[in-house]
Amino acid sequence: RVVLRQRHYLRKRRLHVTLFRPTRSTKCQKLTRYTQKKSTKTIRVRGMRKIRTREFVNLYFESKKRAGGGDIESRYTDEEDDDTVYITFNEENAAKAVADRAHHTVDGVVLTVSLYFPSVQTTPCYTNKILIKGLNAKITESLLGLFLEAKANYTLIDGSLTYHAVRNDVALVTTEQDIVPLKP
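Every value quoted in this text rests on a predicted model; they were computed, and no experiment measured them.

**Student:** Would you mind going over the confidence of the model for the chain in detail, with residue names and values included?
**Tutor:** Of all residues in the chain, 85% have pLDDT values of 70 or greater, and the mean over the chain is 81. In this model residues 23-36 is a low-confidence stretch, pLDDT under 50, and it forms 12 contacts with partners more than four residues away in sequence or in other chains.

In structure tokens, the structure reads:
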């Protein structure tokens, strides 16, 4: 019924409302059609919390005999999940050989390994929203607005501060201006 209603307004601005059908991932993405299978040199390894030394993991996955691997180009830990690491090999066939093995055990811990395909270039769903993590619980909306105006030249829309349902140090704010992405 909401979608069928023709006119929607919020703060005197007309809104375009469509029906949202979530897929497995609800991230807004520019999807590209691929005619060929994607290739990768990176694996995702889960189960890292129980490993005593992460160097064991490097040594294990560098071994062709034990893991099917090869020379490692880089390794990094997931920023939001320290139980997951990503390992990029110098050769694509090493990543595939490691992922094709049924079991991987390091330091007595069974690891879950899969090929990792980085997501297609993502774009923000809203160009005027900022997700803030690590927010002090005592901060007020007006103080946050002053900070963003002074440091980033963004003006908050009054009443737009919305806290995360579970984490009180995460909030979403809406600005009057579009957010300009930082250049790498």
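**Student:** Describe a negative patch on the surface, listing the residues and the values that go with them.
**Tutor:** Residues E55, E62, D71 and E91 make up a contiguous surface patch of negative charge. Within the secondary structure, D71 is located in the loop between α1 (54-62) and β4 (72-77).

**Student:** Before we move on, could you go through the pairing of strand β10 (residues 170-174) and cite the residues and values that matter?
**Tutor:** Among the 5 residues that make up β10, 4 are buried, leaving the element largely enclosed by the rest of the structure. Here 5 bridges tie strand β8 (residues 129-133) to β10, and the two strands are oriented antiparallel to one another. Paired with K133 across the two strands is V170, which belongs to β10. In the sheet, strand β9 (residues 162-163) pairs with β10 via 2 bridges, with the strands oriented antiparallel. Counted as the bridge partner of T162 is L172 from β10. Joining the antiparallel neighbours β9 and β10 is a turn of 6 residues.

**Student:** Break down the side chain of N128 for me, with residues and values.
**Tutor:** Within the secondary structure layout, N128 lies in the loop between β7 (109-115) and β8. Among all residues touching N128, those that are not within four sequence positions of it are V173, T174, T175, Q177, D178 and I179.

**Student:** Explain the sheet that holds β10 to me, using residue names and the numbers behind them.
**Tutor:** Whether parallel or antiparallel, the strands of a sheet pair through hydrogen bonds between backbone atoms. One open sheet accounts for 3 strands, arranged β8-β10-β9; its pairing is antiparallel. The open sheet has two free edges, formed respectively by β8 and β9, since each of these has just one partner strand.

**Student:** So, the sheet that holds β4: which residues are in play, and what are the values?
**Tutor:** Spatial ordering of the open sheet is given by β4-β5-β3-β7-β6, a layout of 5 strands whose pairing is antiparallel. In this open sheet, the two edge strands, each paired with only one partner strand, are β4 and β6 (104-106). For this sheet, the mean inter-axis angle between neighbouring strands, taken without regard to orientation, is 30°. Two elements, β4 and strand β5 (residues 84-89), share 5 bridges in a ladder whose sense is antiparallel. Residue pairing across strands places R75 opposite I87, the latter belonging to β5. With respect to the sheet, α1 is in contact with β3 (42-46), β4, β5, β6 and β7, its orientation differing from that of β4 by roughly 145°. Across the sheet, helix α2 (residues 92-100) touches β3, β5, β6 and β7, and the angle it forms with β7 is around 130°.

**Student:** Now, about helix α3 (residues 141-152): what can you tell me, with residues and values included?
**Tutor:** In a regular helix each residue adds 1.5 Å, so 12 residues correspond to 16 Å; α3 covers 16 Å between its end C-alpha atoms and thus fits that length. Within the span of α3, buried status applies to L144, G145 and L148. Buried residues of α3, viewed axially, fall in a sector of 105°; they line one side. Seen from the buried face of α3, the exposed residues on the opposite side, beyond 90 degrees, are S142, L146, A150 and K151.

**Student:** Please set out the nonpolar core residue by residue, giving values where relevant.
**Tutor:** Core analysis: the largest hydrophobic core is formed by 19 residues, its most contacted members being I43, V45, F61, I87, F89 and L111. Those elements that place two or more of their residues in this core are β3, α1, β5, α2 and β7. The residues touching F61, leaving out its near neighbours within four places in the chain, are I43, V45, A67, G69, G70, I72, I87, F89, V98, H104, L111 and V113. Ranked by size, the runner-up nonpolar core spans 11 residues in total, among them L135, I139, L156 and L161.

**Student:** Residue-level account of the pattern of salt bridges, with values.
**Tutor:** Scanning the entire structure with this criterion turns up 6 salt bridges. In this structure, D81 engages R49 in a salt bridge whose closest nitrogen and oxygen atoms are separated by 3.4 Å. A residue pair is termed long-range when its members are at least 10 positions apart, and D81 in the loop between β4 and β5 and R49 in the loop between β3 and α1 qualify at 32 residues. Accessibility expressed as a relative area gives 26% for D81, which makes it partly exposed. A relative accessible area of 55% means that R49 is categorised as exposed. Notably, a salt bridge pairs D100 with K96, separated by 3.1 Å at the nearest N-O pair. You can see D100 and its partner K96 sitting in helix α2, 4 residues apart, about one turn around the helix. For D100, a relative accessible area of 55% gives the class exposed. Here the salt bridges do not stand alone but share partners, grouping R49, D81 and D82 into one network.

The rules behind these values
Residues numbered from 1 in each chain as written. Predicted model: local features only at pLDDT ≥ 70, side-chain atom pairs only at ≥ 80, totals over all residues. Heavy atoms only, no water. pLDDT = per-residue confidence, 0-100. Contact = heavy atoms within 4.5 Å. Patch = residues over 30% accessible without salt bridge, like charges linked within 9 Å, V, L, I, M, F, W, Y side chains within 5 Å. Areas by Shrake-Rupley, 256 points an atom, 1.4 Å probe, with all protein chains shown as cover. Salt bridge = Lys/Arg side-chain N within 4 Å of Asp/Glu carboxyl O. Lys, Arg positive; Asp, Glu negative; His and termini not counted. Charge placed at Lys NZ, Arg CZ, Asp CG, Glu CD. Helix = DSSP H or I, 4+ residues; strand = E, 2+ residues; numbered from the N terminus. Buried < 20%, exposed > 50% of the residue type's maximum accessible area, 1.4 Å probe, protein only. Pairing = 2+ DSSP bridges. Axes fitted to C-alpha atoms, helices over the stretch in contact; angles between N-to-C directions. Expected span 1.5 Å × (residues − 1). Arc of directions from axis to C-beta. Core = buried A, V, L, I, M, F, W, Y, C linked by side-chain atoms within 4.5 Å.

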